[in-house]
Structure formats: structure tokens, C-alpha cells
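Inside the fold
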Amino acid sequence: MTAEGTGPLQGLEVLDFLAGPMASIGRALADLGACVTRIEPPGGQPDRPAPGDDPRRGLAFAVRNAGKGSALHDPQDAGDRARLAERLSRAHAVLLDLGPDARLRLDPQALRARHPGLVVVCLSDFGMTPGFADWRAADPVMHALSGSLSRSGIEGAPPLVPPGRIAEGAAASQALMLTLVALYARMRRGEGALLDVALVDGAALALDPVFGIAGAAGVAAVQGLSLTDIPRARPPVGAFYPILPCADGRVRICVLSPRQWRAMFEWMGSPPAFADPRFAQTRVRFETPTINAAIAAFFADKTRAELEAEGGARGVPVGALLTLDEALATDHVAERGALTSVPTLDGGTATLPDGVAVIDGRRAGPRAGPPAPGEAAPAAAPVPPFPAPEPGRPGAGPLAGLKVLDLGVIVVGAEQGRILADLGADVLKVESNAFPDGTRASMIGVKMTASFAVGHRNKRGLGLNLRAPEGRALFLRLAAEADVVLSNFKPGTMEKLGLGPETLSAANPRLVMVESSAFGDVGPWAARMGYGPLVRASAGLTEQWRYPEADDGFSDAVTIYPDHAAARFGLAAALSLLIRRLRTGRGGRASISQAEVMFAHLEVDIARRAAGLPAQAPGAPWGVFPCAGDDAWCAVAVETDAHWAALARALDRPDLAEDPRLAAARGRLADPASAEAPLRAWLAGRSPQEAMAELQAAGVPAGAMLRPVDLPEWAERPGRGLYRTARHPRVELPYLEEAAPARVDAWPAPPSRPAPLAGEHSVEAVADWLGLPPEETARLVREGVLEVADAPHPAPG
């Protein structure tokens, strides 16, 4: 638990009108040091537990609201209205619930006009969009509408809703990051903003984005497939990143490169059946099921720990398949202090993740338990005031003027730098010919792919040989001018290059450094290979992401979760440190563990398990149900009695609302089959889109299961414009990319400058940042210190 009076957001005040899963946004701001106060009606927000409630409800409230304060507000009371007006005049940000079921509603436009410097974050399931503002969503609905549900599961089986509520968690991660971008612009430039954040869009962009880097569309394009060519079926069992039995359970392997295959082949004793050099190709191995059978036979008498140790020594990516309970009980989690506990309102305790970010060596976790009604937020030590803001250039992005050195690779690294560049920062993507970005290295025979293009747009390419002493010295000169350095190498890599955090801080005490890794920068697992499938297996997510009735029904092979969410947590930490720098003048260091991002999204389940309480579905009907058509499905989430009454109206079955067995949630959870039966019969005669429209019109959270080919039309619903068409000089066909992270009145649309070739802007970048003359850059290029692209992009047009 974080000590009182610490955190980079000290001095900021946030008013939080949110309830339920999205209350975790305010909790994260409180973890980072902000003073966050829940604004509640006299009876409390709907998520506040009452005496005698299910204890799981109290745990969820504690986990999502730890460290906050509470203030009661009666809109009919003149005194309360005056007190709220005074709070708003002091606040830096307000988190508004604009959903149809919100108990306290403020007019965001009026707030914006009355308080021009206030950050007004408007959250609703579908955004402030005519025709959709009253629609409702929940985790299964977000999975369905993001395109991720259509790829979750195995061939021939129904789609599988992923475990926990990770879609809601990803949407909250997006909203947290956007709130901090707006707060940084507010504290730096004095500019408030109104953010219209649609949670279904946040999930589409931060969970497993179809049109993001390494997304389904980009992967298909590399294979020469269009959206219409992407197979409708889910992948076959074990096709990717197989899970194999061993002496005491299961392990997952991620043998991808030729080097890894050679190591695996030699470990097995070089069996002649697989000696053909063709097996070095990933495609050939995927098409040869006898290989996995042979590896399984080789693993059969070895324990998970033995396989992990030997695999690590040989360079073969192997990870134990752990349950969540096993993962939480590991020495690694204990040594990192990844869990903490807070008091609950009923006198008990809740065990929960101790924040996600580690900032300057200290975990940014909760400072206290949840507030009683009207209880003030935990006291914080006084801090120096923020300096007066300096107005920025009109029309510039909220991060204009920031200089970023981006050493990030693959997905997390690409996404962090891309978002900063989209929002106005000058981002230099640092690479070398010897060690290119892994996603660039996979471009066999091409200079650019659509996937790489969407992940690195708006950056400039800097080729720099960091192994050369002069290259290292040049990087330190650049770091002295930079605001942020991003990296996501295996822990220790930057130190081996002579560019560890102490060295960088000495070069620039104002520098903010953010590093992301699979399991964090310290702990017994810190040096493990950081493949996402292995992280999910070792963190306990894969074991839950399965068909319980099938022994081999593990179904997380094609997702890239939590990479995009981890990038947003990393940026939240970076922005928090930049906000602190405005006040203190000093930089700082943040570390993000992808495993702990998953723990954060499973935090309510973790608290339940620690309390020894059984699992329970959030509601009934809850999940994905078949509709008329070929492999056609609709997600439905009936969580409250009001939802059940709405479902009865939609089905034209008033008897359901009056049925004593089903009218209350307790009865539906006790007999989910009876609650689902009328819905299943009704859905059988409707397409998913028809069902979604009728259910939403009645007030039932529902969403058609969309495939990648369906997303462009859906995303163009009135007023949203989630995607836009883009072109790259090196990519033959146009492609779709994210148009904007949310609708924000004060921010321009992100530009769409083409992603760079490696070293494409080396000469201009060092000239811009360091003022190096042409003769000096020419010498650096000749000596192999500064690397340039062989053939830069052709001029547009």
C-alpha cells in the first residue's frame, strides 16, 4: 500500500461521479496521488453496498474505490448545490457518468462553459451520440462489438467470452490515459477539455484492436488477405502457441524463430524425423501436428519448473500454465509486493493488486480503504503549488512540444510512442540495422506493412548504433534534450548498453523514463522471455480462458491482450510524472509489468479468491447466445432486476417480470438455464443485429458479435468515426487506422504522417534536436554511428 502523501499526482483534485467497474478509473488516479472524491446522492451510488448485501459486492466496492473520499450531494438542496459549485471551482478534473442509469447528472457543456480550465471527462457506454446515448453495454457486449469475441474460442465450438471483465478493464485503461493527457495539458497550458469517451470504443482500441499493430487486419494483409478473406471460424485447437501436458500439469511453448526451433530440436536429442531444414519455418511446423505430439512425449516426465529452467537456459520459450491462485502464490509476486490489502466497510479486509505502476521504486497503490458515505479523502502532505500555465500554440495537439526517444519494440513499445506522436509529441523511433524492431524484422521482402504503418505513424525514424561508444554518447546528448524515454526490452538491456536509468538521469535530471516488460524489472521472473502467450499462461489468465468441459479447450492463442492496455498504463505513468515535473522540476522512472496489468483487470476476482468466496456470474442471462444465421451470435448481459424487466418487455413476456423464481437476481443466478430459455427461443428467429437493436431499445445491454469485416460499418455509426482510411507510400493498398482516441473538443484530429523506414529521418532529427551541422552528420553516417534509410519514402503525390 502506498504511503500517505506520496504519488506524482499530489496537488490534483478530481471529482468522481462514476460507479461500478468504471470507478476503477478514479481509483487509479488516487493510487497515483490525486485527491479523488466520489460524489454520491444521499442514498449512495448504486455500487455502494448495503448491510446484508452479498459480501462479494462489498469486496468489489472496496477494490474499485480504495483511497477515495466521498461527498454526498442532493441536487434539490441549495446548500449542497453551493458546496458542489465550490468543489468544482477547485477541481482539476471531473469524471461524469452520462449513461442512461446515472443517478447524478451534470450538464457537461454547461460545466465546460462555466469552468474553462476544467477537464470534463464524460463516460458512457456508447458515447454522446444521437440514437446511441441510451444504449447500454457490459463486458460481453464490449467483446462482441470490438471484434475480439469472434476470434475467442476454438473451431466448431461457440465463441467464448474471455474470463473476468477484461474488456471493461481495457476500456477503463483507455479512459485513464486520456484523462491524464488532458490533465497534463491543463496543468501545462491552462487548457481544459471536454472528452466524450465511449467505453465500447475504448475496448475496441485498447483490448485487442483489429486495426492496430499486430491486429487481425494487419496480420491478414501480410498474408495477402483482405477483411472479407479473414476466416469466419475460430482457430483450431492448439494451432498457435500449443499447451502441452507434463509431469505435474501443463506448459505452453512459443517456438517462433529458427534459432528457437534449433534449440528445441537439440533439446529433444535431434530426432531424425524433424531434421529437415524446412522445419525451421514456422508455417511448416504449424502444418505438422506430429511435432507437438513429439514435444509432448518429450515433456511427459518433466515438471513445469524443470521445463521452465531448462527452456530458459537453452533459449526455448516455455512457460508453466498456472491457475490464478498458483500465480498469486508465487515467490515472484511476493518479492515484487504485487498484492496488498485494504479495510472494507464491514470491518473485513480486501486483498487486491497494489497498483500497476512502480514509480521511482515505489508501488503506486491504494493509500486507504474505500470511503464511508461523506468520508473525506485521505489527508495528503502539502506540496508546492503548480506554476502558472503557459498558453500553447493554437490548434496544436495536447502534447505538442514534448520530445520523446522511443526505443519500444513489438506491440507495447509501438503503441506508446504512436499515441504520444498522434497527440502532438515529436517521437524519434530509435533503431539500428543490427537490432531492428521485431515487427520490422518480420517483414520478409517488403519495406513496410499496414500493421507496422498503423503502429508507428507520425514518428520519425532515427538509426543509431548504440553498441558504438560514439552512438551511446550521441544518445545521451539526445536524452539531455528529451522529455521522455520509452523502452520495453528485457530488464537489464538498457544497463548493458550503458544507458541505465541512473546514467540517463545524470544526463537529464528532468527526464521521464518508462519501461515495460513481461513480469517487471525485479523479481525471480524478471529475466524471462516476454512473449504475451507465456505471460498469460504464467499469470493465470490462460487457465481461465477455456471451455471448462474440454480438456484441451484453451482459447487465448490469437489475442494480443494485454499489450495495448499495458501501453496505456505505461503512458498514464509517464503523464503522471510529467505532471509532477511541472511542479517539482524533476523527472522520474516508471516500470510496468504486463502480468500485473492482467492482475489489475482481474482485481475483483483476486479479492474474492483471497476471501475464500465462491465464484458467481455477474448476472443471468449473461454471455453469448446463438441467433438466426451461420455462426451468428449476440452477447446479452442482464445484471440488474431493471435489466430483467427490460428483457421481459423486449420479449413481450410480462409474465417473466412477475415470475417469483426469476424476478430477483438471486433466483436467476440460482437457475440460469430457466432465465436463458425464453431469450434463446426469441433469439433463434432474429439476426444478431436485429436482436441487438430490439434489446437495446428496451434497455437491455446487448451486442451483435462482429467480425473484422463488420467493424468499419459499425464504427461509422453517427458521430463516432472510429476509423479512417490511410495510405502509406510503401504499402500497396489503403488500410484502416484509428481516427482518434476519443472525441475531444480541444484537440485536433491526429495527423497521419507515414511510419518511417529505419533511419529515415536520422540526419534531420539530430540536426533539429542537437543542431549538428551537415559535415558532422555526414561523418557520423560514414562511420556507421548514424544509420540512414537506403531509400526514403517517395514524396507524396
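As a reminder, the structure under discussion sits directly above these lines.
Bear in mind the structure is a predicted one, so any value in this text is a computation, not a measurement.

1. So, the overall build of the protein chain
Tallying secondary structure elements over the protein chain gives 32 helices and 26 strands in all. On C-alpha atoms alone, the protein chain measures out to a radius of gyration of 26 Å, which is about the 28 Å that the 2.2 N^0.38 rule sets for 797 residues. Taken along the three principal axes of its C-alpha coordinates, the protein chain extends 80 × 70 × 55 Å. Across the 797 residues that make up the protein chain, the buried fraction comes to 59%. If you take every contact in the protein chain between residues at least 6 apart in sequence, the share linking residues at least 24 apart comes to 75%. Carbon together with sulfur atoms contributes 55% to the accessible area of the protein chain, which is approximately 29,600 Å² in total. On the protein chain, the mean spot of the 80 positive side-chain charges and the mean spot of the 91 negative ones are 3 Å from each other.

2. Observations concerning empty space enclosed by the protein
Empty space left among the atoms is revealed by rolling a probe the size of a water molecule over them. What the rule picks out here adds up to 5 cavities of 30 Å³ or more. The volume enclosed by the largest cavity comes to roughly 120 Å³. Lining the largest cavity are 16 residues, with Phe211, Gly212, Ile213, Arg418 and Glu738 positioned closest to its centre. Tallied by class, residues from the lining of the largest cavity come to 8 nonpolar, 3 polar and 5 charged.

3. Overview of the pattern of salt bridges
Counting across every chain of the model gives 61 salt bridges. Arginine 668 is paired through a salt bridge with aspartate 641; the nearest N and O atoms lie 3.0 Å apart. With arginine 668 in helix α27 (residues 665-670) and aspartate 641 in helix α25 (residues 641-650), the pair connects residues that are 27 residues apart, well separated along the chain. According to the relative accessible area criterion, arginine 668 is buried, its value standing at 1%.

4. Some details on the environment of alanine 628
Take alanine 628: it is sitting in the loop between β20 (622-626) and β21 (633-637). When the C-alpha positions of alanine 628 and alanine 482 are compared, they lie 56 Å apart, and in sequence the two are 146 residues distant. Setting aside residues no more than four positions away along its own chain, alanine 628 makes contact with Leu683, Ala684, Gly685, Arg686, Ser687 and Pro688.

5. So, the pairing of strand β3 (residues 69-72)
Pairing of strand β2 (residues 35-40) with β3, which is carried by 4 bridges, proceeds in the parallel orientation. Looking across to β3, one finds that threonine 37 is bridged to glycine 69. In terms of handedness, the path from β2 via helix α2 (residues 55-65) over to β3 forms a crossover that is right-handed.

6. Considering a positive patch on the surface
A surface patch of positive charge is lined by Arg259, Arg262, Arg467, Lys490 and Lys496. Locating arginine 259 in the fold gives a position in helix α9 (residues 258-267).

7. Regarding the sheet that holds strand β7 (residues 243-246)
An order of β7-β8-β9 is seen for the 3 strands of this open sheet, with the pairing classed as antiparallel. This sheet does not close on itself; its edge strands, each paired only once, are β7 and β9 (318-320). Going from strand to strand, the sheet's axes swing by 35 degrees on average, the running direction of each strand aside. Of the pairings in the sheet, the one linking β7 to strand β8 (residues 249-253) comprises 4 bridges and is antiparallel in character. Bridge pairing links proline 245 to arginine 250 in β8. Running over the sheet, helix α11 (residues 289-299) touches β7 and β8 and is turned about 30 degrees from β7. Those strands touched by helix α12 (residues 304-314) are β7, β8 and β9, and its axis lies near 155 degrees from that of β9.

8. Overview of the pairing of strand β15 (residues 426-431)
With 5 of 6 residues buried, β15 is to be regarded as a mostly interior element. Of the strand pairs in this sheet, strand β14 (residues 403-406) and β15 are connected by 4 bridges, and their pairing is parallel. The residue of β15 that forms the bridge with lysine 403 is aspartate 426. A crossover links β14 with its parallel partner β15, the connecting element being helix α15 (residues 410-422), and its sense is right-handed. In this structure, β15 lies alongside strand β16 (residues 460-464), joined through 4 bridges in parallel fashion. For glutamate 431, the partnering residue across the bridge sits in β16 and is glycine 463.

9. A word on the side chain of arginine 304
Tracing the backbone through its elements, the reader meets arginine 304 in helix α12. We classify arginine 304 as buried; its relative accessible area is 15%. From its side chain, arginine 304 meets the backbone oxygen of leucine 321 in a polar contact 3.0 Å long. Discounting chain neighbours no more than four positions away, the residues touching arginine 304 are Cys246, Asp248, Gly249, Arg250, Val251, Ala320, Leu321, Leu322 and Glu326.

10. Let's talk about the packing of α25 against helix α29 (residues 688-698)
Relative to each other, α25 and α29 sit at 125 degrees, their axes nearing to 8 Å. With respect to each other, α25 and α29 are oriented oblique. In this structure, the crossing between α25 and α29 has a hand that is right-handed. In this structure, α25 contributes Ala646, Leu647, Arg649 and Ala650 to the contact, and α29 contributes Glu694, Leu695 and Ala698. Among the residues making up the contact of α25 with α29, the classes are represented as 5 nonpolar, no polar and 2 charged.

11. Brief notes about the state of the cysteines
As used here, a disulfide is simply a covalent bond connecting the sulfur atoms of two cysteines. What the rule picks out here adds up to 0 disulfides. Free cysteine: cysteine 254, not disulfide-bonded; nearest cysteine sulfur from cysteine 246 at 15 Å. Given a relative accessible area of 0%, cysteine 254 falls into the buried group. With no disulfide of its own, cysteine 634 lies closest to cysteine 627 among cysteine sulfurs, the gap being 5.0 Å. Relative accessible area serves as the criterion here: at 0%, cysteine 634 is assigned to the buried category.

12. Here's the deal with helix α5 (residues 139-146)
Since the α-helix packs 3.6 residues into each turn, any two residues three or four apart lie on the same face. Taken across its 8 residues, α5 has 8 buried, putting it largely inside the fold. Looking at α5, one finds that the buried residues are Asp139, Pro140, Val141, Met142, His143, Ala144, Leu145 and Ser146. Looking one or two residues beyond α5, the residue adopting positive phi is glycine 147, at roughly 90 degrees.

13. Observations regarding the sheet that holds strand β26 (residues 786-787)
Read across the sheet, 9 strands follow the order β13-β12-β19-β18-β17-β14-β15-β16-β26 without closing on themselves; strand pairing throughout is mixed. Two strands bound the open sheet, and with one partner strand each, they are β13 (362-363) and β26. By the bridge criterion, 6 bridges tie strand β18 (residues 512-517) to strand β19 (residues 588-593) in an arrangement that is parallel. Bridge pairing in β19 places valine 514 opposite alanine 590. Relative to β16, helix α31 (residues 762-770) is tilted by about 95 degrees, and along the sheet it contacts β14, β15, β16 and β26.

14. Quick look at the packing of aromatic side chains
This structure, assessed with the given rule, holds 13 aromatic pairs. With a centroid separation of 6.0 Å and 40 degrees between ring planes, the pair formed by tryptophan 261 and phenylalanine 265 is classed as tilted. Taken as a pair, tryptophan 261 and phenylalanine 265 lie in helix α9 at a separation of 4 residues, close to a single helical turn. Judged by relative accessible area, which is 15%, phenylalanine 265 ranks as buried. Counting every residue linked through ring pairs, the aromatic cluster contains Phe126, Phe132, Trp135 and Trp714. Sitting over the ring of phenylalanine 298, lysine 302 keeps its end group 3.9 Å from the ring centre. The ring of tryptophan 769 carries lysine 403 above its face, with NZ or CZ at 5.3 Å from the centroid.

Rules used throughout
Residues numbered from 1 in each chain as written. Predicted model: local features only at pLDDT ≥ 70, side-chain atom pairs only at ≥ 80, totals over all residues. Heavy atoms only, no water. Helix = DSSP H or I, 4+ residues; strand = E, 2+ residues; numbered from the N terminus. Rg over C-alpha atoms; globule rule 2.2 N^0.38 Å. Buried < 20%, exposed > 50% of the residue type's maximum accessible area, 1.4 Å probe, protein only. Contact = heavy atoms within 4.5 Å. Areas by Shrake-Rupley, 256 points an atom, 1.4 Å probe, with all protein chains shown as cover. Lys, Arg positive; Asp, Glu negative; His and termini not counted. Charge placed at Lys NZ, Arg CZ, Asp CG, Glu CD. 1 Å grid on protein atoms, 1.4 Å probe; cavity = no way out; pocket = protein on both sides within 12 Å on 5 of 7 lines; lining within 4 Å. Points joined across faces, edges and corners; volume = space filled by probe spheres on them. Nonpolar A, V, L, I, M, F, W, Y, C, P; charged D, E, K, R; others polar. Salt bridge = Lys/Arg side-chain N within 4 Å of Asp/Glu carboxyl O. Pairing = 2+ DSSP bridges. Right-handed = clockwise from strand over helix to strand, strands pointing away. Patch = residues over 30% accessible without salt bridge, like charges linked within 9 Å, V, L, I, M, F, W, Y side chains within 5 Å. Axes fitted to C-alpha atoms, helices over the stretch in contact; angles between N-to-C directions. Polar contact = N/O pair within 3.5 Å; in protein donor to acceptor, adjacent residues only side chain to side chain. Parallel < 35°, antiparallel > 145°, perpendicular 65-115°, else oblique. Left-handed = near helix turned anticlockwise from the far one by under 90°. Disulfide = S-S within 2.5 Å. Phe/Tyr/Trp six-rings, centres within 6.5 Å; stacked < 30°, edge-to-face > 60°. Lys NZ or Arg CZ within 6 Å of the ring centre and 35° of its normal.

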